[in-house]
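Analysis of the macromolecular model
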Amino acid sequence: MTKCPLCGGSLDWAGLIEQMLVLENANEIFQDREKFMKTFEGFVFKCPHCGEEFYGRNLPAKEAEKVFELLNEFKGSIDWENRKVRLRLNSLLALDTMLENWDKKVKG
Ligand SMILES: [Zn+2]
């Protein structure tokens, strides 16, 4: 679960990504991993809880990469017309982490 680096409030990845969707070249960014990560790290996000701003580099890069993968894995994950994320990213990330831990346990 990702938290605001300033107030500790939990952040919704879909909400964060939607803040990035207003970028003019968002369509391009969301197809290119390197471009996405670079843009993400330098992007100024606004926390919906405390209203403070922080850079994407203050959030876990590993989760951001997963988010990028998920968005590219599922067709129609982004509603470009309304600039909305259709995926429930937080649930998918939680599931992913769970499976990873389970995998580690099994392989020991
Ligand atoms: Zn906050």
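Since this is a predicted model, take the numbers as computed values, not measurements.

1. Looking at the overall build of the protein
Within the protein, the secondary structure is distributed over five helices and four strands. For the protein, the N- to C-terminal ordering of α and β elements is α-α-α-β-β-α-β-β-α. In terms of overall size, the protein behaves like a compact globule, its C-alpha atoms giving a radius of gyration of 14 Å where 108 residues would be expected to give roughly 13 Å. With respect to the principal axes defined by its C-alpha atoms, the protein has extents near 45 × 35 × 25 Å. For the protein, the proportion of contacts with a sequence separation of at least 24, taken over those separated by at least 6, is 53%.

2. Overview of the nonpolar core
With 18 residues, the main nonpolar core has Trp 13, Ile 17, Val 67 and Leu 89 as its most contacted residues. At the level of secondary structure, the elements contributing two or more residues to this core comprise helix H1 (13–20), helix H3 (33–42), helix H4 (61–73) and helix H5 (89–107). Aside from chain neighbours lying at most four places away, what touches Ile 17 is Val 67 and Val 85.

3. Brief notes about the environment of Lys 35
If you trace the backbone, Lys 35 turns up in helix H3. Judged by the 14 C-beta atoms lying within 10 Å of it, Lys 35 falls in the partly exposed class. Residues in contact with Lys 35, not counting those within four places in the same chain, are Glu 28 and Ile 29.

4. Some words on the environment of Lys 84
Among the secondary structure elements, Lys 84 is positioned in strand S4 (residues 84–85). Each C-alpha atom of the pair Lys 84 and Gly 15 lies 8.6 Å from the other, and the pair is 69 residues apart in sequence. Sequence-distant contacts of Lys 84, that is, excluding residues within four places in its chain, are made with Glu 18 and Asp 79.

5. Considering H4
Spanning 13 residues, H4 covers 18 Å between terminal C-alpha atoms, matching the ideal 18 Å at 1.5 Å per step. Taken as a whole, H4 has its buried residues at Ala 64, Val 67, Phe 68 and Leu 71. For H4, the angular spread of the buried residues around the axis is 100°, confining them to a single face. Along H4, the residues that are exposed and aim more than 90 degrees away from the buried face are Lys 62 and Glu 73. Packing partners of the buried residues in H4 comprise H1, H3, strand S3 (78–79) and H5.

What counts, and at which threshold
- Residues numbered from 1 in each chain as written.
- Predicted model: local features only at pLDDT ≥ 70, side-chain atom pairs only at ≥ 80, totals over all residues.
- Helix = DSSP H or I, 4+ residues; strand = E, 2+ residues; numbered from the N terminus.
- Rg over C-alpha atoms; globule rule 2.2 N^0.38 Å.
- Contact = placed C-beta atoms within 7 Å.
- Core = buried A, V, L, I, M, F, W, Y, C linked by C-beta atoms within 7 Å.
- Buried ≥ 20, exposed ≤ 12 C-beta atoms within 10 Å, placed from the backbone.
- Expected span 1.5 Å × (residues − 1).
- Arc of directions from axis to C-beta.

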